[in-house]
Each structure stands twice: as structure tokens, then as C-alpha cells.
There are 2 protein chains.
Amino acid sequence: MEQRTTTLTDPDSARGKLLQAAAELFRTKGYDRTTVRDIANAVGILSGSIFHHFKTKDDILGAVMEESVNSLLVRMESALATIDTPVARLRAMIRCELESIQGENGHALAVLVYEWRSLSPENQQKLLHIREAYEQLWLTEFTGATEHLKPGIEPFVLRRFLSGSLYWTTYWYKESGALTISDLTEMALKLILK
Amino acid sequence: MEQRTTTLTDPDSARGKLLQAAAELFRTKGYDRTTVRDIANAVGILSGSIFHHFKTKDDILGAVMEESVNSLLVRMESALATIDTPVARLRAMIRCELESIQGENGHALAVLVYEWRSLSPENQQKLLHIREAYEQLWLTEFTGATEHLKPGIEPFVLRRFLSGSLYWTTYWYKESGALTISDLTEMALKLILK
DNA sequence: AACCATACCAAGCAAGCGCTTGGTGTGCAA
DNA sequence: TTGCACACCAAGCGCTTGCTTGGTATGGTT
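Procedures and definitions
- Counting restarts for each chain, with residues numbered from 1 along the sequence as it is written.
- Here every chain gets a letter starting at A, and every ligand a number starting at 1, in the order they are written.
- Per-residue local features are limited, in this predicted model, to residues with pLDDT of at least 70; the limit for side-chain atom pairs, both in listing and counting, is 80 or more; totals at the level of whole chains, interfaces and linings are taken over all residues.
- Only hydrogens and water are set aside when side-chain values are computed; all heavy atoms of the structure are taken into account.
- The helix and strand labels rest on DSSP assignments: H or I over at least four residues marks a helix, E over at least two residues marks a strand, and numbering proceeds from the N terminus.
- To sort residues, take the accessible area from a 1.4 Å probe on protein chains only and compare it with the maximum for the residue type: under 20% means buried, over 50% means exposed, and anything in between is partly exposed.
- Here a residue-residue contact requires only that any non-hydrogen atoms of the pair lie within 4.5 Å.
- What sets the accessible areas is the Shrake-Rupley method with a 1.4 Å probe; for residues, cover comes only from the shown protein chains.
- Counted as positive: Lys and Arg. Counted as negative: Asp and Glu. His and the chain ends are not counted at all.
- All charge positions are set by atom: Lys at NZ, Arg at CZ, Asp at CG, Glu at CD.
- It suffices for a single heavy atom of a residue to lie within 4 Å of a molecule or strand for the residue to be listed as near it.
- In protein, a polar contact requires one atom able to donate a hydrogen and another able to accept it; more generally it is a pair of N or O atoms within 3.5 Å, and residues adjacent in sequence count only if both atoms are side-chain atoms.
- All residues other than Ala, Val, Leu, Ile, Met, Phe, Trp, Tyr, Cys, Pro, Asp, Glu, Lys and Arg, Gly among them, are scored as polar; the first ten of these are nonpolar and the last four charged.
- Residue count minus one, scaled by 1.5 Å, sets the expected span of a helix.
- By convention a nonpolar core is built from buried Ala, Val, Leu, Ile, Met, Phe, Trp, Tyr and Cys residues, the set being connected through side-chain atoms within 4.5 Å.
- Buried area counts how much accessible surface, traced with a 1.4 Å probe, disappears from two parts once they are put together, with both parts' losses summed.
- One side-chain nitrogen of Lys or Arg within 4 Å of one carboxyl oxygen of Asp or Glu is enough to make a salt bridge.
- A score from 0 to 100, pLDDT tells how confident the predictor is in each residue.

J.: In this structure, what is going on with the overall build of chain A? I would like to understand it.
T.: In terms of helices and strands, chain A carries 8 helices and 0 strands. Counted from the first residue to the last, chain A has its helices and strands arranged as α-α-α-α-α-α-α-α. Classification of the 194 residues of chain A by burial places 49% in the buried group. Considering only intrachain contacts with a sequence separation of at least 6, the fraction spanning at least 24 residues in chain A is 69%. As displayed, chain A has an accessible area near 9400 Å², and 52% of this comes from carbon and sulfur atoms. In chain A, the 22 positive side-chain charges and the 25 negative ones have mean positions that sit 4 Å from each other.

J.: Is there a simple way to explain the protein's contact with DNA strand D in this structure?
T.: Among the 17 residues in the neighbourhood of DNA strand D, the closest are listed as L46, S49 and H53 of chain A together with T35 and K57 of chain B. For DNA strand D, the backbone portion of the atoms within 4 Å of the protein, that is sugar and phosphate, comes to 57%. Here S49 of chain A contributes a side-chain N or O atom positioned 2.9 Å from a phosphate oxygen of DNA strand D. When the residues that make up the surface near DNA strand D are grouped by side-chain class, the tally is 5 nonpolar, 9 polar and 3 charged.

J.: Help me understand helix α7 (residues 155–168) of chain A, please; the structure alone is not making it clear to me.
T.: The periodicity of an α-helix, 3.6 residues per turn, causes residues three or four places apart in sequence to face the same way. All names here are of chain A. With 14 residues, α7 should cover 20 Å at 1.5 Å per step; its first-to-last C-alpha distance of 20 Å lies within 8% of that length. Judged by how many residues are buried, α7 sits mostly within the fold: 11 of 14 residues are covered. Those residues of α7 that fall on the buried side of the exposure criterion are V157, L158, R159, F161, L162, S163, G164, S165, L166, Y167 and W168.

J.: Got a minute to help me understand the nonpolar core in this structure?
T.: One finds M76, I94 and W138 of chain A together with F26, M76 and I94 of chain B to be the most contacted residues of the largest nonpolar core, which totals 128 residues. Among residues more than four places away in sequence, those in contact with I94 of chain B are W138, L162, L166, T185, A188, L189 and I192 of chain B.

J.: Where do I start with the interface of chain B and chain A in this structure?
T.: Frequently, the measure chosen for interface size is the accessible area that the parts lose on association. In this assembly, 38 residues from chain B lie in contact with 38 residues from chain A. For the pairing of chain B and chain A, the buried interface totals around 3100 Å² over both sides, and the portion due to carbon and sulfur atoms is 64%. Linking chain B with chain A are 4 salt bridges. Linking D32 of chain B and R33 of chain A is a salt bridge whose minimum nitrogen-to-oxygen distance equals 3.1 Å. Seen at the junction of chain B and chain A, the total is 15 residue pairs in polar contact (both at pLDDT 80 or more). Elements with a contribution of two residues or more to the side of chain B that touches chain A: α1 (14–29), α5 (107–114), α7 (155–168) and α8 (181–192) of chain B. Of the residues in the side of chain B that touches chain A, the class split is 20 nonpolar, 7 polar and 11 charged.

J.: Even after reading the chapter, I still don't get the protein's contact with DNA strand C, so can you show me in this structure?
T.: Not every one of the 17 residues close to DNA strand C is listed here, only the nearest: T35 and K57 of chain A together with L46, S49 and H53 of chain B. Restricting attention to atoms of DNA strand C within 4 Å of the protein, one finds that 60% of them are sugar or phosphate atoms. With respect to DNA strand C, the backbone of K57 of chain A contributes an N or O atom lying 2.6 Å from a phosphate oxygen. H53 of chain B is positioned with one of its side-chain polar atoms (N or O) 2.9 Å from a phosphate oxygen of DNA strand C.

J.: What is the right way to look at the pattern of salt bridges in this model?
T.: Within the structure shown, the criterion is met by 18 salt bridges over all chains. The salt bridge partner of E186 of chain B is R91 of chain B, with a shortest N-O separation of 2.8 Å. You can see E186 of chain B sitting in helix α8 and its partner R91 of chain B sitting in helix α4 (residues 86–102), a full 95 residues away along the chain. The closest approach of N and O atoms between R159 of chain B and E97 of chain B, which form a salt bridge, is 3.3 Å. On the criterion of sequence distance, the pair formed by R159 of chain B in helix α7 and E97 of chain B in helix α4 is long-range, its members being 62 residues apart. For the residue pair R159 of chain B and E97 of chain B, the accessibility class agrees, reading buried in each case. Connected through shared salt-bridge partners, R75, R95 and E99 of chain A make up one network.

J.: Help me out: how do you make sense of the confidence of the model for chain A in this one?
T.: When pLDDT is low, close inspection of the predicted coordinates is not appropriate. Residue and element names in this part refer to chain A. Residues with a pLDDT of 70 or more make up 96% of chain A, whose mean pLDDT is 92. Within chain A, no element has a lower average pLDDT than helix α5 (residues 107–114), which sits at 91, and none a higher one than helix α2 (residues 36–43), at 98. Across residues 1–5, confidence stays below pLDDT 50; counting only partners more than four residues off in sequence or on other chains, it has 4 contacts.

J.: Mind showing me how you'd approach the side chain of S118 of chain A here?
T.: For S118 of chain A, the position within the fold is in the loop between α5 and α6 (121–144). Taking the relative accessible area as the measure of exposure, S118 of chain A reaches 4% and is therefore buried. A distance of 2.8 Å separates polar atoms of two side chains, one belonging to S118 of chain A and the other to E115 of chain A. Each residue touching S118 of chain A, except ones within four places of it in the same chain, is listed here: Y31, D32, D58 and L61 of chain A together with R33 of chain B.

J.: I tried to follow the environment of R33 of chain A on my own but got confused; where do I start?
T.: The residue R33 of chain A is located in the loop between α1 (14–29) and α2 in this model. If sequence neighbours within four positions are ignored, R33 of chain A has contacts with D38 of chain A together with Y31, D32, R117 and S118 of chain B. A distance of 3.4 Å separates a polar side-chain atom of R33 of chain A from the backbone oxygen of S118 of chain B.

In C-alpha cells form, the structure reads like this:
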């Protein structure tokens, strides 16, 4: 795996606070329905001042997405570092993805998933290779666990079924209910195992 | 099952053509990035003329969604009418949903799924009971097939995993490829069976 | 021939949008 | 004390948006 030189923005900095506020707003209202005035208001500055930190609104979306995929990759790599058996590795990856989608800063990943087409083609291009690297990680792990997986479904289809299942939790799962993230993880794991 | 008094709009009427154009635009560009001028242009009229057929842009979205869920319900009920065994019924339902998402007029259902939050609360309210009736249909079928389903996953979670898997196909599946809708159907069915 | 509902045009308004510009206050370095 | 980078304000520009208004062409009914 390539060496990452990821630098996550300090969440206490002005830029960091803007990114967090933007992520939450983008997730709950959607990118287009979120105005730069909304974002500015959420951190207590005026709208024009945003453009001291970001060139365009589209760049804010790009930055939110970049941060989210970077932090997910960092967390996943560190979680995998100490795990050997194929099934346990899959479990850890599912859990990471669920936590990233549902966790306290999960707004960002949900934005990456559901606002992708709102991003300008230029910024899509910049992020594409990271997304592809991430999906490659999954496919590698899937092919390493073939014998444990449900037969009769091609691995790349199975991964996409799993993606859809996990992403879709944003629309119905509430962490406060009876179902924990661990429960969800086990069920999603059962879904793809034989 | 209740008697439906569904009246699907004639696709050759002015209103029908507008709905179809709107559905396609909403799906490809998203609701917010689609202007009423875009829709008008797609059917060859001026933007102001739209409001002779619909009160607001939000009403267009609501109408698109209502048509899509109604046509899906009609198709699913007629498909189920002649099928008895639980597994075959599930297969038929999966196929219906996939065809509605991917088929020639599948724009509409994708819009219903992914632009829900763009709809005004008032129009959401109007559609909610139809959506709930639809989900109830699934849950009923699931509980009727419990013995064939994958154990260890609560039925309502399983249905949501399946929903996510099927909905997500909008983002990656192309009907022109090597994979047919029938292939997808069988794989999705395998996913939920034991 | 008179009527009328339907479908559309032509023009534009008011509001909201992303973003710009020129300036101000603050804290740190020399 | 001066200088300067940084974070932000105050004001508003230019454009796009959903939607309105008043009028016109058309085709069917009486």
C-alpha cells in the first residue's frame, strides 16, 4: 500500500470549523440548498469572509469530501494493521465504513457518497483516484476471502450490494435505537458470508 | 389489498411529456440544478407555460414521484397475481423494483428515492402513506418467507439492506453491459436467501 | 357565426444566489 | 514603534431563479 502523506485539517482552525459546519449542512439540506450564507452563519462570520479560506463553494465541497475519504482510509488502515484472518478483516472494514457514515463526523462521508454529482468535474477528477484506491482495497480483501463469501455472486457485484446496504443506513438508522453499530456490522457481515 | 383508483397520466399529453422530461432531468442533474427553463426547453415550450400545468416546481417533483410509485405498485401487483411460492414471489418483486429503477422510465423511481428530501414537507406528507403501503407489502412478503430467508438478520433490517443494494444500482449498473437484469435479480435473491 | 376552454407566448419582476472589492481591527515580529 | 500578515466586515454587483401577468392562436361545441 502506498505511503500516505495525508494532512487532516485541524478541527479547531477557522478552516476546520467551516468544513465541519459545511459537512453537516450539506448532509442535512443538500449541497444546492445550502447557501454560503448558511455556512458562514453556522460559524458566526459573514458570507463574504468565507472566500478568504476557500476559492469557491465548490472547493468547500471538494475539501469536505477529501477530508472524509482521507480520514476513512487512515482509520481503516490502522484497524487492519493488527488483524489477520480474512473474515475478521472484513468485519473491521464494514465497521469502519459504518462508523464513518454514522459517527459524529459521519456527515462528511455521507456527503461524499450522495453529493458526488454536485461536485464540479475538475474536482471530481482530483478525488477519483483516491476513491478508486479505496474500492481496490475492498476488492483485494474480497478476493482474499473468496472461500468464505456467498457463492454465486460475482465479487464486484457483492461489494456493490454491500456498499448500497451500508450507505443506505444514512436514511433509516438512528444510533439511539435498540440496534447498535456492532449489531449492524454483524448483520452486514452475515449478508455477504456463506 | 386495497382497491387502487390509480390514474396514470397519459404519456402523450402535455402534462405527461413534461413529467417524463422532468423525471429524466431530475435524475441526471438533480432537482435543484434543474431549472424550470430546462424542463420547458426539453418539451419545446417557454418556461412560463409550465405553470399552466403545474402550480409550482415542487408540484412537478411531487407528481413525478407519485406517478412512479403508482406505476410500480400496479406492475408489482399484476406480477404477483399469478405467483404462489414465497421465493418466486420475492424474485418477482426484486425484478419489478430493478426494472422500475433501471427501465426506460426508471428515471422516476430513482428520483423518488434520491430526491425525497428536496420535496416540500407538505408534498412529502401526501406521498408518505403510499410509500408506507409499499414497504408494508415487502415486510408481509418477508415474514411469509421467513424459513427461506437468511437467519440472524431481522426482517426489517434485511429489507433495508436489500433496498440499499437495489437502489444503489443506479450509480453503477448499465444495462448495456454483460450483466442482465435477470442476473442481477438472481444475485440479489441469493443475497437474502439462506 | 359566436363562444369558450385549452395551451401557449412575450416580457419581466422580485428575491436569492455566489462572489468581489476596499477597508478595518488584531497580534506578532523586528 | 513600525510593519505586516491574517481574519474578518460592510456593501453591493451581476446573474439566475421560480413565478406572474396580460395577451394570442387554435380547435371543438352550439
